[in-house]
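Structure assessment
So the chains spell out like this:
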Amino acid sequence: MNALNQIVVEGNVTRQPEKKALASGTSVCTLPIAVNRKYKAADGQLTEEVSYFDVETFGNLADACFKWC
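Residues numbered from 1 in each chain as written. Predicted model: local features only at pLDDT ≥ 70, side-chain atom pairs only at ≥ 80, totals over all residues. Heavy atoms only, no water.

**Here's the deal with the side chain of Thr57**
Tracing the chain through its elements places Thr57 in strand β4 (residues 46-58). For Thr57, a relative accessible area of 8% puts it in the buried group. In this view, Thr57 contacts Ser27, Val28, Cys29, Ala62 and Cys65; residues no more than four positions away in its chain are not counted. (Helix = DSSP H or I, 4+ residues; strand = E, 2+ residues; numbered from the N terminus. Buried < 20%, exposed > 50% of the residue type's maximum accessible area, 1.4 Å probe, protein only. Contact = heavy atoms within 4.5 Å.)

**So, the pairing of strand β2 (residues 18-21)**
Note on strand geometry: in a regular strand, side chains alternate between the two faces of the sheet. Bridging between β2 and strand β3 (residues 27-40) involves 4 bridges; their strand directions are antiparallel. Note that in β3 the partner of Glu18 across the bridge is Thr30. (Pairing = 2+ DSSP bridges.)

**Points about the packing of aromatic side chains**
One pass over the full model with this rule turns up 0 aromatic pairs. The ring of Tyr39 has Arg37 lying over it, and the distance from NZ or CZ to the ring centre is 4.3 Å. (Phe/Tyr/Trp six-rings, centres within 6.5 Å; stacked < 30°, edge-to-face > 60°. Lys NZ or Arg CZ within 6 Å of the ring centre and 35° of its normal.)

**Brief notes about the side chain of Ser27**
Tracing the backbone through its elements, the reader meets Ser27 in strand β3. The exposure class of Ser27 is buried, given its relative accessible area of 14%. When near neighbours in sequence (up to four residues on either side) are disregarded, Ser27 contacts Lys19, Lys20, Thr57, Phe58, Gly59, Ala62 and Asp63.

Encoded structure:
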């Protein structure tokens, strides 16, 4: 069984991605993503909530994220 955890985050990039290189030369791209969620609260009111995620990608995916996000 694969020991990695995976999550799919679908939202909006909130600022310009940042790209760095590790000592090994591997690219790292950090980009913040905001995800909106709407739900009905216990009192029946429609509520909107925003969650922010700092996403890091590595290698070729980091290069693609930096170029296209």
